Amino acid sequence: MDFQDVVRRRKMVRRFGPDPVSDAALDRMLANAVHAPSAGFSQGWAFLRLETPADIEHFWAATMPDPEADNDWLTGMRTAPALIVPMSNKEIYLDRYAQRDKGWTDRDEARWPVPYWHIDTGMASLLILQTAVDEGLGACFFGIPPEQIPAFREAFDVPDDYIPIGAIAVGHPEQGGAPGSPTRRTRRDVDEVVHTGKWSQ
Ligand SMILES: Cc1cc2nc3c(=O)[nH]c(=O)nc-3n(C[C@H](O)[C@H](O)[C@H](O)COP(=O)(O)O)c2cc1C
């Protein structure tokens, strides 16, 4: 698919058909993810790949356990045949930047203008979303409620130093999922957000 089409066709998909996602497609999404840029080439990320019905059910039970939560969003999202959970690890960045070529041996977090560990894992996540489109699939990045992160870790033996920055549902797009915010809000115009030369023009 043309790159411009990948960018413009990517929309979050919140309901999926019953066909599984091929191993090859998931392999490619993850292989592309690790080509994301990362600060200091730290690559402080990890990805949990879930593709069996039992694992998918385990994920939803751990992260959205409210039996009352019978809503359109969850009903649609639970149809996803595959999930990828991208996780970031701050310690890997602090270790990497304490090395000789960087020299931040005090590991002081105040040195970081923004948390690069989350940024890099977010960039990897976008590559996953874009690769899904290129594979003719749909995907949705969504948040895991903070109070459910311990249960998520326990369910999948995830070490404490890895933080799930969200989760990505993947599958064959189907109509009828929960409508996203773009149905209620307009995209901000490029001229409104780009400041050329200086802020006020
Ligand atoms: C960091 C982040 C968190 C998001 N969290 C959720 C979420 O919890 N649930 C959801 O349905 N969509 C979530 N989204 C998707 C956004 O709602 C969506 O990207 C936005 O409305 C624009 O729509 P589009 O991606 O289809 O163009 C998230 C997106 C990002 C980047």
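Criteria and thresholds
- Residues numbered from 1 in each chain as written.
- Predicted model: local features only at pLDDT ≥ 70, side-chain atom pairs only at ≥ 80, totals over all residues.
- Heavy atoms only, no water.
- 1 Å grid on protein atoms, 1.4 Å probe; cavity = no way out; pocket = protein on both sides within 12 Å on 5 of 7 lines; lining within 4 Å.
- Points joined across faces, edges and corners; volume = space filled by probe spheres on them.
- Helix = DSSP H or I, 4+ residues; strand = E, 2+ residues; numbered from the N terminus.
- Patch = residues over 30% accessible without salt bridge, like charges linked within 9 Å, V, L, I, M, F, W, Y side chains within 5 Å.
- Areas by Shrake-Rupley, 256 points an atom, 1.4 Å probe, with all protein chains shown as cover.
- Salt bridge = Lys/Arg side-chain N within 4 Å of Asp/Glu carboxyl O.
- Buried < 20%, exposed > 50% of the residue type's maximum accessible area, 1.4 Å probe, protein only.
- Nonpolar A, V, L, I, M, F, W, Y, C, P; charged D, E, K, R; others polar.
- Arc of directions from axis to C-beta.
- Near = heavy atom within 4 Å.
- Polar contact = N/O pair within 3.5 Å; in protein donor to acceptor, adjacent residues only side chain to side chain.
- Contact = heavy atoms within 4.5 Å.

J.: Would you take a moment to explain empty space enclosed by the protein for this structure?
T.: A probe matching the size of a water molecule, rolled over the atoms, marks out where space remains unfilled. Going through the model one piece at a time under the given rule, you end up with one cavity of 30 Å³ or more. In this structure, the largest cavity encloses a volume near 30 Å³. In terms of lining residues, the largest cavity is bounded by Arg10, Lys11, Met12, Leu129, Ala132, Val133, Gly138 and Ala139. Mapped by element, the contributors of at least two residues to the lining of the largest cavity are helix H6 (116-134) and strand E3 (138-142). For the lining of the largest cavity, the leading source of residues is H6, giving three residues.

J.: When you look at a nonpolar patch on the surface in this model, what are you seeing that I'm missing?
T.: On the surface, a cluster of nonpolar side chains totalling about 210 Å² of accessible area is made up of Val114, Ile119 and Met123. With relative accessibility at 37%, the residue Val114 sits in the partly exposed group.

J.: Help me understand the layout of surface pockets in this model?
T.: Reported here for the largest pocket is a volume of approximately 360 Å³. Around the largest pocket, the lining comprises 17 residues; the ones closest to its centre are Lys11, Met12, Val13, Arg14 and Gly180. Looking at the lining of the largest pocket residue by residue, the classes come out as six nonpolar, five polar and six charged.

J.: What's the story with helix H7 (residues 149-156) in this structure? I'm lost.
T.: A turn of α-helix holds 3.6 residues, and therefore any two residues three or four places apart point the same way. Within H7, burial applies to Ile149, Phe152, Arg153 and Phe156. What you see down the axis of H7 is that its buried residues fit within an arc of 100 degrees, all on one side. Those residues of H7 that are exposed and angled more than 90 degrees off the buried face are Pro150 and Glu154. Among the residues trailing H7, Asp157 stands out with phi positive, at a value near 55 degrees.

J.: So what exactly am I meant to see when it comes to the site of the ligand here?
T.: In the vicinity of the ligand, the contacting residues are Arg10, Lys11, Met12, Arg14, Trp73, Cys140, Phe141, Phe142, Gly143, Ser181, Pro182 and Arg187. Residue Arg10 places a side-chain N or O atom 3.0 Å away from an oxygen atom belonging to the ligand. Contacts to the ligand include Gly143, whose backbone N or O atom sits 3.0 Å from an oxygen atom. The greatest single-element share of the shell around the ligand, amounting to three residues, is contributed by E3. When its residues are assigned to classes, the shell around the ligand shows six nonpolar, two polar and four charged.

J.: Quick question: what am I supposed to make of the environment of Asn32 here?
T.: By the element assignment, Asn32 lies in helix H2 (residues 23-33). For Asn32, a relative accessible area of 26% puts it in the partly exposed group. Residues Asn32 and Arg10, 22 residues apart in the sequence, show an inter-C-alpha distance of 16 Å. Other than its neighbours up to four places away in sequence, Asn32 contacts Leu127 and Thr131.

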